[in-house]
Structure formats: C-alpha cells, structure tokens
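Single-letter residue listing:
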Amino acid sequence: MKFFRRDPQESAPAEAEPAVEATTETVAPQKGSAYTPKKGYATPRRRDVERARGIQRGPVAPAPMTRKEARAREDARYTGMTKEEKKAAKARETEERRMQQEYRRQRMAAGDDDYVLPRDKGPIRRFARNWVDSTWTPISWLFPIVLLLLIGTMIPNHAVQKTIQYLMYFFFIVLLIETFRICITVSRVAKKKFPGKKDTGFRLGWYAFMRATQPRRWRNPVPQTSPTFPWSKKDDGEDAANASSDAQSAKARKAG
C-alpha cells in the first residue's frame, strides 16, 4: 500500500507527440457562425473618450457653508477678467436668468405640461380647468365676499351684525350646494370623455372645486376659455371645455 507517493509510471514524462505543422492558410469563417474578427486595437477607456470630447466628470462640490465661501467661488468663476468684463458677464447672466424665468412663467400660465405643477399635468386636469373657467359660479367671489362680511362684523350695530350673520349662513349653504354640483358634474363629464381613466373621481372634482373658489384673475394656469353665464347658454360648460381641451391638445402635439 502506497501513501503520499506517486506511481513511477505516472511520473514518467509522456512521449512527445508529433508536432503539428502550423498552417499559414487563413480559414474563412462560415456564415452564421459566432466568429468575430479582431479589431486590431484595444478598446479605449470611457474616461479617455470623455476627456477627448471635453466632458469633465467628477465629484460635485458641496454647497457653500458661508457667504465668504460663496463669494470666493463666485470670484473664481471670473478669474482673469477685468472689472468691466466681469460686470458685463454678470449682467449677461442676470438677463439670461430673467428671460428663462419669464419663459417658464409664460409656459406655466399657458398650461404647458412641461412647466406646470404636477397637480396640473395631463389632459384630464386640463379638461377640468377648462370646464371651471367656462362655467360661471358664484363661489368665485367667495373670498372677497367673506372678507367684506368679516369687516362688516366690526360695525357696532346689532341689526347690521344680525344681517351679516344671516348672509354668512346663506353663503355657507350656497357653498355646500356648489361643492357637490361641481364635484359630481366634473367627475361625470370627465368619465364620459375619458373612459377607463383613473383620475376622474372625487379627486378631480375636488381639484375643479378648489379652482372655482379662486377669482378668475388669480387662477394659474391662466383661463383659456370665456365664462358662460346661466342666462346665456345652459350646457354646463361641457362644449366649451371640450373644444378648448381639444385645441390645446392639438397645439401641444404640433409643438412637440
């Protein structure tokens, strides 16, 4: 019995196999094979490619902690400039920022989905806004009326205060009626126009109600339709909202 020993026959060198002559002929790859010819050069690193293109990547500098540090960073941006050049560069940057802010404000006021707040995005929310803007409702004057009533309560007259109290009860009842009317009507019309969509329930109705409580000049995005009064036309604003919503959607597709 052998332990930890190799068989002398196994340790003997194997007979040298006859060398196979290397053929100099190039074997052409067959069609459909997984053969990939060599490129002839090494794959460049991403860092070298980005450096050649002028792209500089690195850690983002933390925000300045003090005004002194912020002022030092700002001065470093204008290194090598004269006083006049530095002043002109700052004025140019200020004007560019002002133009960008003005452009964003205009696009937000126009209801562009790329610039409005997340709560205002989408064709369904646009339709709800157009419905509210095209329908006259007394709660649009709710805040001014409540403000006047609160000022009237300071009048030291019992009869005036009693009248104001009854008026406040009356406007509270009107507010409840308009709340249910707007929420139910907007939800019903939106479900008819956008079947199968999820954002057509109570949340959409509440969104329309909150917009209706704002005076027309305070609304953002800016109203895109004219109001329809009850004595002029009774269509719940549905036709006007549909027309304005379709026109804005076509304009957005054309701009895109």
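Just checking my understanding: could you explain the overall build of the chain for this structure?
Looking only at helices and strands, one finds 9 helices and 0 strands in the chain. The helix and strand sequence of the chain, counted from the amino end, reads α-α-α-α-α-α-α-α-α. Expressed as a percentage of the 256 residues in the chain, the buried residues total 24%. In the chain, once contacts between residues fewer than 6 apart in sequence are set aside, the share between residues at least 24 apart is 64%. Per element, the accessible surface of the chain, about 20900 Å² overall, is 59% carbon and sulfur.

Would you take a moment to explain the pattern of salt bridges for this structure?
Opposite charge on two side chains permits pairing when their charged atoms draw close. This structure, assessed with the given rule, holds 8 salt bridges. Here Arg 107 ties to Asp 112 by a salt bridge, and the two come within 3.3 Å at their closest N and O atoms. Since its relative accessible area comes to 29%, Arg 107 is described here as partly exposed. In this structure, the salt-bridge partner of Asp 133 is Arg 211, at a minimum N-O distance of 3.0 Å. In this pair, Asp 133 is assigned in helix 5 (residues 123–133) and Arg 211 in helix 8 (residues 202–212), connecting sequence segments 78 residues apart. Relative accessible area serves as the criterion here: at 1%, Asp 133 is assigned to the buried category. Judged by its relative accessible area of 6%, Arg 211 is buried. Several salt bridges share partner residues, and in doing so they unite Asp 133, Arg 211 and Arg 219 into one network.

Looking at this structure, how should I read the nonpolar core?
Within soluble globular proteins, side chains that are nonpolar tend to cluster in buried spots. Membership of the largest hydrophobic core comes to 19 residues, with the highest contact counts inside it found for Ala 128, Ile 139, Ile 182, Val 186, Leu 204, Ala 208 and Phe 209. When residues of this core are traced back to their parent elements, those giving at least two are helix 5, helix 7 (158–193) and helix 8. Take this core: its biggest share by element is 6 residues, from helix 7. Each residue touching Phe 209, except ones within four places of it in the same chain, is listed here: Ile 139, Leu 175, Thr 179, Ile 182 and Cys 183.

Could you clarify how one ought to interpret the packing of helix 5 against helix 7 in this entry?
How two helices pack is summed up by the angle between their axes together with the distance between the axes. At their nearest, the axes of helix 5 and helix 7 sit 11 Å apart, and the two run at 130° to each other. Relative to helix 7, the element helix 5 lies oblique. Here helix 5 and helix 7 pass one another in a crossing that is right-handed. Counting all contacts with helix 5, which are made through Phe 127, Ala 128 and Trp 131, the residues of helix 7 involved are Arg 181, Ile 182, Thr 185, Val 186, Val 189, Ala 190 and Lys 193. A per-class count over the contact of helix 5 with helix 7 returns 7 nonpolar, 1 polar and 2 charged.

Looking at this structure, I do not really get the packing of aromatic side chains. What am I missing?
The description of an aromatic ring pair uses the distance of the two centres, along with the angle that the planes make with each other. Taken as a whole, this structure holds 5 aromatic pairs when the rule is applied. Pairing Trp 206 with Phe 209 gives two aromatic rings, centres 5.1 Å apart and planes at 40°, and the pair type is tilted. With a gap of 3 residues between them, Trp 206 and Phe 209 both fall in helix 8, about one helical turn apart. The ring of Tyr 207 has Arg 125 sitting right over it, with the charged end atom 4.6 Å from the ring centre. A cation over an aromatic ring shows up here: Lys 193 above the ring of Phe 194, its NZ or CZ 5.7 Å from the ring centre.

Is there a simple way to explain helix 5 in this structure?
Residues spaced three or four apart along an α-helix point in a common direction, a consequence of the helix completing one turn every 3.6 residues. Of all 11 residues in helix 5, 10 are buried, a share of seventy percent or more. All of the buried residues along helix 5 are Ile 124, Arg 125, Arg 126, Phe 127, Ala 128, Arg 129, Asn 130, Trp 131, Val 132 and Asp 133.

Help me out: how do you make sense of the packing of helix 5 against helix 8 in this one?
In contact at an axis separation of 9 Å, helix 5 and helix 8 are set at 40° when each is read in the N-to-C sense. Classified by the interaxial angle, the pair formed by helix 5 and helix 8 is oblique. Here helix 5 runs over helix 8; the crossing is right-handed. Contacts from Ile 124, Arg 125, Ala 128, Arg 129, Val 132 and Asp 133 of helix 5 reach helix 8 at Leu 204, Tyr 207, Ala 208, Arg 211 and Ala 212. Per-class residue counts for the contact of helix 5 with helix 8 are 7 nonpolar, no polar and 4 charged.

Cut-offs and rules
Residues numbered from 1 in each chain as written. Predicted model: local features only at pLDDT ≥ 70, side-chain atom pairs only at ≥ 80, totals over all residues. Heavy atoms only, no water. Helix = DSSP H or I, 4+ residues; strand = E, 2+ residues; numbered from the N terminus. Buried < 20%, exposed > 50% of the residue type's maximum accessible area, 1.4 Å probe, protein only. Contact = heavy atoms within 4.5 Å. Areas by Shrake-Rupley, 256 points an atom, 1.4 Å probe, with all protein chains shown as cover. Salt bridge = Lys/Arg side-chain N within 4 Å of Asp/Glu carboxyl O. Core = buried A, V, L, I, M, F, W, Y, C linked by side-chain atoms within 4.5 Å. Axes fitted to C-alpha atoms, helices over the stretch in contact; angles between N-to-C directions. Parallel < 35°, antiparallel > 145°, perpendicular 65-115°, else oblique. Left-handed = near helix turned anticlockwise from the far one by under 90°. Nonpolar A, V, L, I, M, F, W, Y, C, P; charged D, E, K, R; others polar. Phe/Tyr/Trp six-rings, centres within 6.5 Å; stacked < 30°, edge-to-face > 60°. Lys NZ or Arg CZ within 6 Å of the ring centre and 35° of its normal.

Take it as geometry only, folks, not as evidence of what the structure does.
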